[in-house]
Amino acid sequence: MSRIRGLAHAGAVALLVALPFPGLATAADRVALVIGMAGYKTINPLRNTPADAALIARTLRDLGFETETLNDATLPQLKAAMKDFAFKAETASIALVYYAGHGVEVGGQNYIVPVDVAVQNATQLPQQAVSLKEVLATVENARQLRIVILDSCRNNPFPDAAAPAVTVAAVTGDAGNLAAGALPAGALPKPATESKAAAANETPATETAARSVVPALPDGAAPEQAGAANAGADADATRGLKRGGLAPASPERGMMVVYAAKDGEVALDGKGDNSPFATALADNLRKPDVEIGLMFRQVRDEVMALTANRQQPHFYGSLTGVPFFLAGNQAKTEASPADKPAAWQKLAPDQEVQLAALAGDGDTRAMIGLGYIALTPDPVKFDPKKALDFFTAAAAKGDAEAMYELGKLYEKGIGTPQDVAKALDLYRQSAERGFADAINDLGFLTYQGTEGLERDPEKAIALFTRAAELRHPQAMFNVAALIDDGIVPGKGPDDAARFLYLALRSGVEDVLTQLTTKPTMFKAETRKALQKILSENKFYEGTFDGAFGKGTQRSLRLAFGKDG
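Only a predicted model underlies this, so the values are computations on that prediction, with no experimental measurement involved. (Residues numbered from 1 in each chain as written. Predicted model: local features only at pLDDT ≥ 70, side-chain atom pairs only at ≥ 80, totals over all residues. Heavy atoms only, no water.)

## Focus: the confidence of the model for the chain
Looking at the chain, the pLDDT average stands at 78 and 75% of residues meet or exceed 70. This model gives residues 1–27 a pLDDT under 50, and the stretch forms 86 contacts once residues within four places in sequence are excluded. The low-confidence segment residues 161–251, where pLDDT is below 50, has 218 contacts with residues more than four positions distant or belonging to other chains. (pLDDT = per-residue confidence, 0-100. Contact = heavy atoms within 4.5 Å.)

## Overview of the packing of helix 1 (residues 49–62) against helix 7 (residues 276–285)
Contact geometry of helix 1 with helix 7 gives a least axis separation of 10 Å together with a crossing angle of 5 degrees. Overall, the two elements helix 1 and helix 7 adopt an arrangement that is roughly parallel. The residues of helix 7 that touch helix 1, namely those facing Asp 52, Leu 55, Ile 56, Thr 59 and Leu 60, are Ala 278, Thr 279, Leu 281, Ala 282 and Leu 285. Of the residues in the contact of helix 1 with helix 7, the class split is seven nonpolar, two polar and one charged. (Axes fitted to C-alpha atoms, helices over the stretch in contact; angles between N-to-C directions. Helix = DSSP H or I, 4+ residues; strand = E, 2+ residues; numbered from the N terminus. Parallel < 35°, antiparallel > 145°, perpendicular 65-115°, else oblique. Nonpolar A, V, L, I, M, F, W, Y, C, P; charged D, E, K, R; others polar.)

## Brief notes about the pattern of salt bridges
A full pass over the atoms with the stated rule returns 12 salt bridges. A salt bridge links Lys 88 to Glu 66, with the nearest nitrogen and oxygen atoms 3.2 Å apart. Of the two residues, Lys 88 is situated in helix 2 (residues 75–89) and Glu 66 in strand 4 (residues 66–71); the sequence distance between them amounts to 22 residues. Since its relative accessible area comes to 39%, Glu 66 is described here as partly exposed. Its salt-bridge partner being Lys 79, residue Glu 134 comes within 3.7 Å of it at the nearest N-O pair. Pair noted here: Glu 134 is in helix 4 (residues 132–139) and Lys 79 is in helix 2, with a separation of 55 residues, a long-range link. (Salt bridge = Lys/Arg side-chain N within 4 Å of Asp/Glu carboxyl O. Buried < 20%, exposed > 50% of the residue type's maximum accessible area, 1.4 Å probe, protein only.)

## Focus: the sheet that holds strand 8 (residues 130–131)
Across a sheet, paired strands are connected by hydrogen bonds in the backbone, their directions being either parallel or antiparallel. Pairing in this open sheet of three strands is antiparallel, and the strands run 6-7-8 from one edge to the other. The two strands at the open ends of the sheet, each matched to only one other strand, are strand 6 (103–106) and strand 8. Bridge count between strand 6 and strand 7 (residues 109–112): four bridges; the pairing is antiparallel. If you follow Glu 105 over to strand 7, its bridge partner there is Asn 110. (Pairing = 2+ DSSP bridges.)

## Thoughts on the packing of helix 15 (residues 436–448) against helix 16 (residues 457–469)
Two quantities define a packed helix pair, namely the angle between the axes and the distance from one axis to the other. Between helix 15 and helix 16, the least distance of the axes is 8 Å, while the angle of their chain directions is 160 degrees. One element, helix 15, and the other, helix 16, form an angle in the roughly antiparallel class. When the axes of helix 15 and helix 16 are compared, the crossing they make is left-handed. When helix 15 is examined against helix 16, the residues Ala 436, Ile 439, Asn 440, Leu 442, Gly 443, Phe 444, Thr 446 and Tyr 447 are found in contact with a partner set consisting of Pro 457, Lys 459, Ala 460, Leu 463, Phe 464, Arg 466 and Ala 467. (Left-handed = near helix turned anticlockwise from the far one by under 90°.)

## Remarks on the nonpolar core
Ranked by internal contacts, the top residues of the largest apolar core, which has 118 residues, are Tyr 98 and Phe 296. Excluding its chain neighbours within four sequence positions, the residues that come into contact with Phe 296 are Ile 147, Ile 149, Met 256, Val 258, Leu 281 and Phe 315. In this structure, Leu 33, Leu 46, Tyr 111 and Val 257 belong to the second largest nonpolar core, which totals 42 residues. (Core = buried A, V, L, I, M, F, W, Y, C linked by side-chain atoms within 4.5 Å.)

## Focus: the sheet that holds strand 3 (residues 30–36)
Here six strands make up an open sheet; going across it, the order is 4-3-5-9-10-11 and the pairing mixed. Taken across any chain shown, the strands that pair with only one partner, and hence form the sheet edges, are strand 4 and strand 11 (314–318). Mean inter-strand twist for the sheet, computed between neighbouring axes without regard to direction, equals 10 degrees. The pairing of strand 9 (residues 145–151) with strand 10 (residues 255–259) spans five bridges and is classified as parallel. Residue pairing in the sheet places Val 148 in a bridge with Val 257 of strand 10. Across the sheet, helix 2 lies against strand 3, strand 4 and strand 5 (94–100), angled at about 170 degrees from strand 3, the strand it touches most. The sheet contacts of helix 4 involve strand 5, strand 9 and strand 10, and relative to strand 9 the element is tilted by about 145 degrees.

Here it is in C-alpha cells:
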C-alpha cells in the first residue's frame, strides 16, 4: 500500500498522489485463454491435450472466467488470439493462459509450438513458434494477477533436427543461462538411430504414456521405419524428450508461471482421458476459499501422488502480497491492495497453519502474509513486533515487498524504534529490485525532501518516470502531469497522453474521476493526444479537439473497462 504524499500541479490543481487503490473496475474481471494443440503435422500428434484443454476451460468458466478457447492453431491464428487476449487482459483483475501441447527450450528461450510448425533446423524455430516471453506479455498488463500454465514437457521436441544450443542437461537460473552440456550453435545432435536405440533400451510403461514429440514419419515411410521410430516414442512418450528442460521463466511480481513438470521430468498423459496435471489442476481450482498460493501447492502434491512422485509441477514468479481466492465465498470479493492485513486476516485457520509451515520452510510470500496478518486492527491479534520479524526474515531473503513494508515500520516506528535512515535504506533496496511502490514513494520523498534526504526534483522525476514505466498507476498519472507542465525534458503531449491512457487502463477509479471531472487540469494538446490514442484503440470516434464532451467521456469509461 502506498501512502499520500503531496505534489502540486500547475494552476494549484493537485496531482493524483500515491493514494490507496480505492477500487478496481469490475468489467471482465477474470479472463482466460485456453490453448490445446494436438494435430501436429510434422511431429507426432498428442492424445490428451484436447481433453485437457476442454476440462480446464470448463473449470475456469464455472469459476467466472470469461474464457476463450483455441484448438489446433496455426502460428498466425495463435498470434492473433494472443493479441486480442492481451488487449482484453488490460482491464481484467486476473488474466490466465493455459497451454497444453508441445513445448521446447532452444538457445535458452522457451517456445510453445503451433500445429503447423515445420523446421529443418532449430534456428528456424523462433520464426515458427511463440516464445514464452510473448505469452507472458499477453497477461502482463492485467491489473492484479497474471498466471501462465504450461502443461507440456520442458524439453526439446525436435530430437532429430539440427538443434543449435539445445539444452541436454537441466537448466537452472534465469532464462538464457543454459546448463553445461548445451550443444554449440550449428552442432548436430546424435544421429536418429543412436537416440532411438537408447530410448528403446528403456522400459515402456503404459500408465505413464504421454505426449510424444518424436517427429512424424515422412510421406511414404515404410512400416518397418514406423516400428523403429515408435520404439523410441513408446519409451519416452511424453510432451518432450528427456534431454533437458525449458529454461526457468523470469516473470515479474504478480506473475506466476506454472510448469506441469520441473526440470528434467516429463508431463505424463496418465491412464484416463486427462493427464495427471490437468486432473489435479481442475480438482484444486474448484476448491472453495483456498488461497491461490496454497492451491497450487495442493496441485503439486496431488500430481506427485497420482504419478508416484515421477512428476512434480514447478512454479516460477512471485505473487503479490495480496491473497487471492478463485472459488468460494472469499472469491466474490476481490482482494484490496489497500488493505493487505484485512485481506490476509480472512484466511481460514487451517490455511494460516499451512502458511506458517511454508514460512518455516523459507517461503517469503508466506512470511509476508503472516506479517500482514500480525498488523490486523484486531487488538487481540495485533502484534507489530511479530510483523517486524516476518518482514525482516523475508527481506533478508531478498524480497522487495518485504523490504518496502519493513521500511514503513521503521519510518513510522511501529514495532520498533523509529529509524528514518534505515527506512530510506530499505526503500532504496526495494526500489533497486524494481518494486514500483518503493520507487514511487522514493520519488515523493525526494521531491519534497525529508530527514536524511535532500530535496532533488530532477532525481524525483526520474524515479516517478521509472515507476510509471513499471505501470504504477499513480506514478503514470503524476508523470503525465509533470510532462504536461513541461518539467520533463524531451517529453511532450504524446508522452503525457500515453501515460494517461495507461493509467486509465490500470483500473484505479481516481484516474477516471480526475479525467472526467477535471479534464482541464491538462493542457489542450495533451487532451487532443489522449483523444487520438482512444481513437486508435477503437474507443473514440469524434474529432481531436481537446474538448471532453459526452463522446470523450463515454470513451474514457469504455477504456477504463466500464459500460459507456
